[in-house]
Amino acid sequence: LKWSFIFKHWIGTLLLGTTLLTISPGFNPLNSSGVGQTLLFSILWFYYSSIYSIPTLICYTLAFYWLKNNTLNVNWIKMTLILITLAGITMTVGLTVQLMEPAIYYSIAALVTGILFKIEKV
């Protein structure tokens with residue numbers, strides 16, 4: 001199993017989640033002041049989501065280490081890691097922002113990146 005999967009999934013989820021949240025219908029980047037505000041919002045949201053996702057990343061890494069040492073099917077390991085990410089996203093957003101809209105976008109991003117990235121050496 002590749003350890004790089006952890007960081008690709010983490011960074012991919014943060015980037016895609018921030019992008020999905022930024023282009024959501026709640027924001028209007030079409031006027032000139034909206035583009036600058038949207039860009040600033042994206043940068044700040046990525047920065048804060050990176051910081052707030054560290055506890056989930058630690059749990060994710062520990063689970064990856066434990067699952068890697070067991071003789072489980074790679075698909076089960078991948079599904080378990082994605083579920084840990086979804087639980088971490090839900091708890092973090094629920095405790096900090098208390099709106100579920102960001103959790104939905106980041107969960108979609110976690111599912112997409114988790115499915116697309118390969119976890120095992122080919």
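Please read these numbers as outputs of a predicted model, since none were measured by experiment. (Residues numbered from 1 in each chain as written. Predicted model: local features only at pLDDT ≥ 70, side-chain atom pairs only at ≥ 80, totals over all residues. Heavy atoms only, no water.)

A short note on the packing of helix 4 (residues 74-96) against helix 5 (residues 100-116)
Between helix 4 and helix 5, whose axes approach to 9 Å, the crossing angle comes to 165 degrees. Considered as vectors, helix 4 and helix 5 are oriented roughly antiparallel to each other. Once helix 4 is placed against helix 5, the crossing between them reads as right-handed. Between helix 4 and helix 5, the residues in contact are K78, I82, T85, L86, I89, T90, V93 and G94 and M100, P102, A103, Y106, S107, A110, L111, G114 and I115, respectively. (Axes fitted to C-alpha atoms, helices over the stretch in contact; angles between N-to-C directions. Helix = DSSP H or I, 4+ residues; strand = E, 2+ residues; numbered from the N terminus. Parallel < 35°, antiparallel > 145°, perpendicular 65-115°, else oblique. Left-handed = near helix turned anticlockwise from the far one by under 90°. Contact = heavy atoms within 4.5 Å.)

Some remarks on helix 3 (residues 54-68)
Helix length check: helix 3, at 15 residues, gives a terminal C-alpha distance of 21 Å against a target of 21 Å (1.5 Å per residue), a fit within 8%. Burial in helix 3 covers these residues: T56, L57, Y60, A63, F64 and L67. The arc that holds every buried residue of helix 3, seen down its axis, measures 130 degrees, which confines them to one face. Opposite the buried face of helix 3, by more than 90 degrees, sit the exposed residues L62 and W66. Its buried side turned inward, helix 3 meets helix 1 (4-22) and helix 4. (Expected span 1.5 Å × (residues − 1). Buried < 20%, exposed > 50% of the residue type's maximum accessible area, 1.4 Å probe, protein only. Arc of directions from axis to C-beta.)

As for the environment of Y48
Inspection of the secondary structure puts Y48 in helix 2 (residues 32-52). On the basis of relative accessible area, Y48 is assigned to the partly exposed category, the value being 45%. The spatial distance from the C-alpha of Y48 to the C-alpha of W66 is 28 Å, given a sequence separation of 18 residues.

Some remarks on the packing of helix 1 against helix 3
Contact geometry for helix 1 and helix 3: axes closest at 11 Å, N-to-C directions at 150 degrees. One finds that helix 1 runs roughly antiparallel with respect to helix 3. Viewed along their axes, helix 1 and helix 3 form a crossing whose handedness is right-handed. Contact with helix 1, carried on its side by F5, I6, H9 and W10, involves L57, Y60, T61 and F64 of helix 3 and no other residues of that element. Partitioning the contact of helix 1 with helix 3 into residue classes produces six nonpolar, two polar and no charged. (Nonpolar A, V, L, I, M, F, W, Y, C, P; charged D, E, K, R; others polar.)

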